[in-house]
Each structure stands twice: as structure tokens, then as C-alpha cells.
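Commentary on secondary and tertiary structure
Okay, here's what each chain looks like letter by letter:
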Amino acid sequence: MNTMSGYLQRSGSSRSNSVVSKPFSSMDPDINHSSTPLRLFVDAKKKVNNIYNEMATHVDESTSFIKGVPEDLGVVSTDVNTKIETFAAQVEGIREVLARDHMKVAFFGRTSNGKSTVVNAMLRDKVLPSGIGHTTDCFLSVEGSETDEAYLQIQDSSERMSIKSVGQLAHALHSERIANHQNTIVHIFWPKSRCHLLQNDVILLDSPGIDVEPNLDEWIDKHCMDADVFVLVSNAESTLMRTEKSFFHKVSERLSKPNIFILNNRWDASAGEEYSEAVKQQHMERDVKFLVEELKVITEQEAEDRVFFVSAKEALITRTPKAPSTPDSSGPLAEGYQARLFAFENFERQFEECISHTAVKTKFEQHAKKGMQIVSCVQGMLDEVHNTASTKRSSCIEKRKDQHDRLEYITQQLKVLSMECKDKIKETAELGETKVSAAMTDEIRKLSTLVDQFDKSFHSDPLVIKIYKEELQKHLESGLGRNLDQRCSGEVMKAVDVVQTEMTDNMSALLPDEVRANIGGMQLRRRFDLSYRLDCQHLFSDFRENVDFQFSLGLTSLMNRFLGPKGTTAAMLGFANVIPRPMPPAGLPPAAATNQDELAVAVMTGLASLTSKTSVGLTLVIGIVWKAVGWRLLAVSGSLYGLVYVYERLTWTNRAKERAFKKQFVSYASEKLQLLVNFTSSNLSHQIQQELSGTYARLCMEIETTKDNLHKEIVALEDESQKLDSIMAKSKVLRNKAGWLDNELGRFMEKYIKEE
Ligand code: GDP
């Protein structure tokens, strides 16, 4: 009712009986946009566009995030890596389609049924030229122009042709350039500000007459597949023609349940006629039958809201604003024009509701569903990345803790084992030292046996003695070495081996399996031989033998026997106190010179004294003895003394000299070797210590390398867990955004698509 009164007010004020052609720029329609059902499409488009803009940002962010995840972390699978790239292209494609999405209404009917007039009436302006003379072979699409300028563009051409008036447009449409483009579309861009349909994204498509050699299939393929509503403009004066019906049959074959409106135009021509109501009823029945029974696109109740009896011409006349100076060229309106105008408005309302709902559903439902699919796929991928990162991070932290504990354990164990090893090394070295010391003392005791075993021929000649001495020294050196080796080495080596094995076993338990397996090949326990280092040649270099004959009852021997060698020397030196000592011969060591030469000098001076200083005393003693025992006893004693001397002199053979030599050598060597006992035993202890310390150091080095590796591994694991942490955080944020987008699309579906 309101619409009717609004309409009547408008039509009253602008009512005119003639169509006036005037410059387009002066037109300024009074349009109420806010209540139009077309807003549904506009709002939905804006909403879905916004969602897709957010989706594009989200997909871009997700793609660069996934591409940025380091490959070596193993968080992103190849599948995810490949798939994510495809989404950006898909979203971009849909955004482009969305930007182009319009509501499209296509007008069909025979030539001069008034298609252009209907379009103009809907646009409330004379946009398209109408009349028999203005028929073209091309499709005319009227769409909104963002600027205030009206212009036209031929399909696939970017050239803009400016239009100032309907006459100019009609002329342009009949120019050769367009006339030659049969079945193409000429896009007429009309300022949006002048028409609410255009403002609300509606495109109106006027077709050539369906009766003029139409290639219906081509028409449908080229222009109808994306149309939301079809309007069949028929002539109320005749029934639906076969070509008109056949066209819609083809359309409904290709499109599922197309929205078809039937406008019985030129109804004004029947105004006042006697049977007009009966004719109207007849038209209505046939049209409904066509839609319901033939095309089967709607129900009978719905069909009655799709068939209208209008006069586009009257609607256009009443709607077109005219300049005050322009003469009224339109004829008078026929009787009952208000009802026809109301029918036209009613058609528009039904059409607007139908087109916006249909367009929202057909155009955005698919986009929303596809968007939901993309969002859920991206969300799934982000979930996968998040979960993988989370699992890897947990195992990373666990591994890091294990390695940390292991490092602590190794450090502690190393301390304990180090102390144990040092104690063991010390113990073994001491054992070796004691063993060698005892064995050497024993060997020194049995030195004469070793010397006696030397069976090279001896001669008192100085040259022979020199060689003999050298060889004896070698014999002694090798013999001693061999004996010590036999007595000590086995046991000492065994002890060393035990400690080495124990050390290696204990310490290598701290090493990783693969290192432990390699330890054998690394020869941590080397083969080593003990060396006793008995340098006898150097040690015995100052040995001076005495193989000269010495009478056992001689004065020196007797004194040696009773006073000992030292006492004798002292006594002899006492005699020689007053006599200046001769210098020791060059080449002899001072100590030896003192012992040997002082003794000889003392004997000589002593003998000299017998004839000088003590001669008086001796003569006196002999006299007393002579008197007491008599000369016979003296003679016997003298003879016996002489016999002993002769005997000893005769038995002083080479053999005896050898024995004397060996005896002197044994006594000398024993004394010297005694000095060597401590040196040799501590040397051996040092060797043991060095050997075991070497093994210990090599094991320590392996453990330190293991500790270093563990430390590096811990640092790397820390770094990895931090990276995984930030991947988790980022994937969580993106996943939440995907969830939000999914909700938005759900809400969009709920509000714009499912509510019907
Ligand atoms: P088209 O070829 O289908 O586009 O038809 P047009 O819109 O060009 O109209 C052809 C002729 O029919 C024009 O002279 C119009 O003025 C006239 N016409 C259109 N609609 C009506 C109407 O409702 N009533 C009357 N009487 N004439 C009309």
C-alpha cells in the first residue's frame, strides 16, 4: 500500500504524456536505496569479499611461514609444502571472480515487445534507445560506472566511447563497428549515482529480438550461464511464440531451475477493451502452465508471482524526469494506468527479492563453501605442523634432559674413576718398585754365580784383561737384565695389564657405544716392555784389578788379615808420615791412586825402615829369640816360611789369577750395583707409572671428547627446541586465525545462504 501511494505521488508529480529525450547528465533520480532487497547481495558480497581478503592474507602468511620452516627440522611434510602453494592461487582466483560478481538479469522476447522500454523503465531513465528503428543484432548490457561519465565498450575491447545522449548512443550502436559484431556484447556504463539498480550491482542485459535468426545455443552459452534472472517480455496482444518457448526450454535444460519472470507488456493497449480481463486470465493460465508444466521450474503458487501485466511505456513516462523547458511529447496515459504501474512496481519488488537471493546463493554459496574447504585444509596443515613440532619439541626436551643427565653422570663418574685410577697407578708402580728392588738385591747376592758362569779364557796380560773385563761386564749386564726380567717382568706386566684392563673397562663404560667399539682399534692399551737400564760398562769403568802375586804370610797380607785393608793402609800411612808422598800416576782416578799407591809406598818405606830406623830394635829381638830358642828353631821356621812362599809362588797360576780377578770383580760389582738398586727400581716404577698414566690420559681424552660432543649436542637441542617453540607459537596463531575465518564463513552461510 505504501509502495502504491509513494509510486502515485511520484507519478503524479512527473506524469507526462510524452517520452522526452534529453541529455543524460541532467538526470538525477530520487532513489531510496536503504530498503531494497538488493542490499542483501551487496552486503553479502562485501562480507564475503572481506572474508576473502582476510583469507588471502592468512594464506600468504601461512605459505611464507611453512616455506620458512627449516627443512632439517622435519616438521613440514613434502605434501604440505606442495599443497600450501596451490591455495594462494585458488584464493586469488576466487577474489577476482568475487570482484566481478554482479546480479545479472537478462531480457528476452520478440523484437518490439518493449524490452528496451522495460529496461529503461527499471532504470527510471531513457538509457537504451527504443523503437523499431533502433533494433541491433548485439546484446546491450547496462552496468554501473564508478565515474559520473557514461560510456560504452565493445566486448573484448578496452576502448571507451563517450555517450552524451540517447541519440548519440543510438547512432553509436548503428555504427559499422558495432553492427558488424553480431551476438557480441556492448557494455553501456551508466553512472551508478543515477540508478539504484546499478548502485546495487545489478547488470541489465537487453537481447536482440528472439525472432531474428537467433542462434539460441550460442546465446545461452555466451550470455545466459551467469544470469540470475530471466525476464521474458511478451506482447500482451499475442500469446507466447514457439521461438520464445523453445529458448526457455533450452535455458532450463542447461541451468537448474532458472528464475523466469514473464512480463505481458503493452497491457495499456488492451485498456478499456471488453474482454481484457478474460484475455488476461487466459494469458495468465498459459504462462503459468508454461512455467509449471512445461519448464517445471516453479510451483503453481509461485508462478502467479512471476507473471505480470504491465505497460513499460507508461512506467517509463511516469518515471522519467523531464526538464521544465522540454515540451511534453508523451501521449495521454490509458485508463487504469495506476494498476499497471502498480503491477510494474510489484514485478520489480519480486524481481529484486528473487535476484538478490538467487545471486547470493548461486554466486556466494560456492565461494563460501570453497573458502571453508581451503580454510579447513590450511588449518589441517597448520595443525599437522603444530602437532609435529610439539611432538618433536617434547622429544627434543627429553633428549636434552637425557644428554644433560648423561653429561652430569660422566663428569661425576670421571672424578671418582680418576681418583681410583690414580690410586691404582700408584699402587702398581710401588709394587713394581718393591719387586725390582728385592729381585735386584737378591741378584747382587748371587752375583758370584753369574760371574762364575763367565767362561772366557783369562790371561794376566793387560790387553787380554781389558777385553776380558769388557766381555765380563757385558755378560753381567745381560745376565742381570735377563734374570730381573724373568723374575719381575711377568708379574709386573700382569699387574699393569690388570690395571689397564680395569681402567679401560671402567672408563670406556662412560663412552658412547660406537666410540667404545672403536677403542680396540685405537690401541688405548699399547704393548710395552719393561727396561731395567743396567749400564754396567759405564758403572764398572773405574774397576782396577790386582792379579800380582801376594804372599799370604807377607807383611801386607798379614796386616790385611789382622787389621783389614783399611787398618793396613792406615798403619802403612803412619809409617810413611815423614816421607813425602809421590804424585799419583797420570790416568788413574785419584781415589784408586790413593788406595793402591799409598799402600805400595807404605810397604816400601816400611821395608826401608827395617834397615834404618828399626834395625836396632829388630837386631835386639833376634838376639833375644836367638838366645831363648836357639838357632835350630829359627832355621826350621825360616825353612817352613820359605817352603810356604815357594808353594804359593808355584800355585799362583793363570787359574788362580782368574779366580782372584773374579773375586775382586764380584766384590767391586756388588758394591756398585748396590748403589744402582734404588735407581733401577724407581726407574721401573716410573715406566709403569708412565705407561698406566698414558692409558689413563688417552681414556680421559676420549671421555673429554664425549663430554664436548654431549655439550654441543645439548646446545644444538636447545636451539632446536627454541625453533620448534616459535614454530608452535606461530602455527597456533595462524591456526586460530583459520578457525576464526571458518567461523566467519559459517556465520556468512548462516546469515546469507541458509536462512531462506
Ligand atoms: P524492443 O525491440 O523489444 O526493445 O522494443 P522497444 O522497447 O524498442 O519498443 C518498441 C516500440 O514499442 C516502441 O515504439 C515503444 O514505444 C513501444 N512500446 C514499448 N512498450 C510499450 C507499452 O507498454 N505500450 C505501448 N503502447 N507501446 C510500447
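Quantities reported herein were computed from a predicted structural model and do not represent experimental measurements. (Residues numbered from 1 in each chain as written. Predicted model: local features only at pLDDT ≥ 70, side-chain atom pairs only at ≥ 80, totals over all residues. Heavy atoms only, no water.)

Summed over the entire model, instances satisfying the criterion amount to 30 aromatic pairs. For the ring pair Phe 540 and Tyr 668, a centre distance of 6.2 Å and an interplane angle of 70° mean the geometry is edge-to-face. Highlighted residues: Phe 540 in the loop between α17 (536–539) and α18 (555–575) and Tyr 668 in helix α21 (residues 654–753), separated in sequence by 128 residues. Taken as a pair, Phe 540 and Tyr 668 share a single burial class, namely buried. Note on Phe 748 and Tyr 752: the rings are 5.0 Å apart at their centroids and 40° apart in plane angle, and the pair reads as tilted. Of this pair, Phe 748 and Tyr 752 both sit in helix α21, 4 residues apart, which is roughly one turn of the helix. Like Phe 748, the residue Tyr 752 is buried in the burial classification. A network of ring pairs unites the aromatic residues Phe 454, Phe 458, Tyr 468, Phe 540, Phe 543, Phe 661, Phe 665 and Tyr 668 as a single cluster. Lying over the aromatic face of Tyr 151, Arg 160 brings its terminal NZ or CZ to 4.3 Å of the ring centre. Here the basic side chain of Arg 306 rests over the ring of Phe 261, its NZ or CZ set 4.9 Å away from the ring centre. (Phe/Tyr/Trp six-rings, centres within 6.5 Å; stacked < 30°, edge-to-face > 60°. Helix = DSSP H or I, 4+ residues; strand = E, 2+ residues; numbered from the N terminus. Buried < 20%, exposed > 50% of the residue type's maximum accessible area, 1.4 Å probe, protein only. Lys NZ or Arg CZ within 6 Å of the ring centre and 35° of its normal.)

Bringing the site of the ligand into the picture now. The local shell around the ligand holds 16 residues, among which Ser 112, Ser 116, Thr 117, Gly 131 and Arg 266 are the closest. In the environment of the ligand, an oxygen atom lies 2.7 Å from a nitrogen or oxygen atom belonging to the backbone of Ser 112. A total of 570 Å² of accessible area belongs to the ligand in isolation, and the protein chains cover 83% of it. Where the shell around the ligand is concerned, the elements lending two or more residues are α4 (115–123) and α12 (312–319). Ranked by residues supplied to the shell around the ligand, first place goes to α4 with 3 residues. (Near = heavy atom within 4 Å. Polar contact = N/O pair within 3.5 Å; in protein donor to acceptor, adjacent residues only side chain to side chain. Areas by Shrake-Rupley, 256 points an atom, 1.4 Å probe, with all protein chains shown as cover.)

Residue-level pLDDT values for the chain average 81, and 81% of them are 70 or greater. Across residues 1–33 the pLDDT falls below 50, and counting only partners more than four positions away or on other chains, this stretch makes 74 contacts in the model. In this model residues 575–614 is a low-confidence stretch, pLDDT under 50, and it forms 28 contacts with partners more than four residues away in sequence or in other chains. (pLDDT = per-residue confidence, 0-100. Contact = heavy atoms within 4.5 Å.)

The subject of this paragraph is the sheet that holds strand β6 (residues 202–206). Pairing in this open sheet of 9 strands is mixed, and the strands run β4-β3-β5-β2-β6-β1-β7-β8-β9 from one edge to the other. With one partner strand each, in any of the chains shown, β4 (161–162) and β9 (307–309) form the two edges of the open sheet. Sheet analysis places strand β3 (residues 151–154) next to strand β5 (residues 185–191), joined by 4 bridges and oriented antiparallel. Bridge assignment links Tyr 151 to a residue of β5, and that residue is Phe 189. (Pairing = 2+ DSSP bridges.)

The residue Thr 117 is located in helix α4 in this model. In this structure Thr 117 touches Ser 130, Ala 312, Lys 313 and Leu 316, once residues within four positions along its chain are discounted.

Taken together, the side chains of Trp 626, Val 629, Trp 631, Leu 633 and Leu 634 make up a nonpolar region of the molecular surface, amounting to roughly 490 Å² of accessible area. Among the structural elements, Trp 626 can be located in helix α20 (residues 615–651). Since its relative accessible area comes to 45%, Trp 626 is described here as partly exposed. (Patch = residues over 30% accessible without salt bridge, like charges linked within 9 Å, V, L, I, M, F, W, Y side chains within 5 Å. Salt bridge = Lys/Arg side-chain N within 4 Å of Asp/Glu carboxyl O.)

The next thing to look at is the pattern of salt bridges. Tallying each qualifying case throughout the model produces 40 salt bridges. Where Asp 217 meets Arg 254, a salt bridge forms, and the shortest distance between an N and an O atom there is 3.1 Å. Taken together, the residues span a long stretch of sequence, with Asp 217 in helix α8 (residues 216–224) and Arg 254 in helix α9 (residues 242–254) at a distance of 37 residues. Accessibility expressed as a relative area gives 34% for Arg 254, which makes it partly exposed. Measuring nitrogen to oxygen at the nearest pair gives 3.2 Å for the salt bridge that ties Glu 491 to Lys 435. With a gap of 56 residues between them, Glu 491 in helix α15 (residues 462–508) and Lys 435 in helix α13 (residues 337–445) connect regions that are remote in the sequence. Classification of Glu 491 as partly exposed rests on a relative accessible area of 42%. Where salt bridges share partners, they join Asp 442, Glu 443, Arg 445, Lys 446 and Arg 487 into one cluster.

So, on to the side chain of Ser 670. With respect to the helices and strands, Ser 670 occurs in helix α21. Apart from the residues lying within four places of it in its own chain, the contact partners of Ser 670 are Ile 444 and Leu 447.

This part is about the state of the cysteines. According to the stated counting rule, one finds 0 disulfides in the structure shown. Considering cysteine sulfurs only, Cys 421 is the nearest to Cys 700, which forms no disulfide, with 7.2 Å between them. In this structure Cys 700 comes out as buried when scored by relative accessible area, which is 14%. (Disulfide = S-S within 2.5 Å.)

A word on the packing of α4 against α12. When two helices pack together, you describe them by how their axes are tilted relative to each other and by the distance separating the axes. One can describe the packing of α4 onto α12 by two numbers: an axis separation of 8 Å at closest approach and a directional angle of 35°. The crossing of α4 and α12 is left-handed. Contacts between α4 and α12 pair Thr 117, Val 118, Asn 120, Ala 121 and Met 122 from the former with Ala 312, Lys 313, Ala 315, Leu 316 and Arg 319 from the latter. Classifying every residue of the contact of α4 with α12 by side-chain character gives 6 nonpolar, 2 polar and 2 charged. (Axes fitted to C-alpha atoms, helices over the stretch in contact; angles between N-to-C directions. Left-handed = near helix turned anticlockwise from the far one by under 90°. Nonpolar A, V, L, I, M, F, W, Y, C, P; charged D, E, K, R; others polar.)

As a further point, take unusual backbone geometry. Even without a glycine there, the phi angle at Lys 257 is positive, about 45°. Within the element layout of this structure, Lys 257 appears in the loop between α9 and β8 (259–265). Lys 257 gets classed as exposed once you look at its relative accessible area, which sits at 57%. If you check the backbone angles, Lys 296 has positive phi at about 55° while not being a glycine. Relative to the helices and strands, Lys 296 resides in the loop between α10 (276–295) and α11 (300–304). Overall, the relative accessible area of 58% leaves Lys 296 in the exposed class.

What follows deals with the environment of Glu 720. Structurally, Glu 720 can be placed in helix α21. Taking relative accessible area as the criterion, Glu 720 reaches 28% and is therefore assigned partly exposed. Placed 323 residues apart in sequence, Glu 720 and Ile 397 show a C-alpha to C-alpha distance of 9.3 Å. Excluding anything up to four places from it in sequence, Glu 720 contacts Leu 73 and Cys 396.

As a further point, take a negative patch on the surface. Together, Glu 293, Glu 300, Glu 302, Glu 304 and Asp 305 make up a region of like negative charge exposed at the surface. It is α11 that contributes the most residues to the negative patch, 3 residues altogether. For Glu 293, the position within the fold is in helix α10. (Lys, Arg positive; Asp, Glu negative; His and termini not counted. Charge placed at Lys NZ, Arg CZ, Asp CG, Glu CD.)

This part covers the side chain of Glu 352. Looking at where Glu 352 falls in the secondary structure, it is placed in helix α13. Buried charge without a salt bridge: Glu 352, with Arg 124 as the nearest opposite-charge side chain at an N-O distance of 6.8 Å. In this structure, Glu 352 is in contact with Thr 36, Pro 37, Leu 38, His 196 and Leu 197, ignoring residues within four places of it in sequence.

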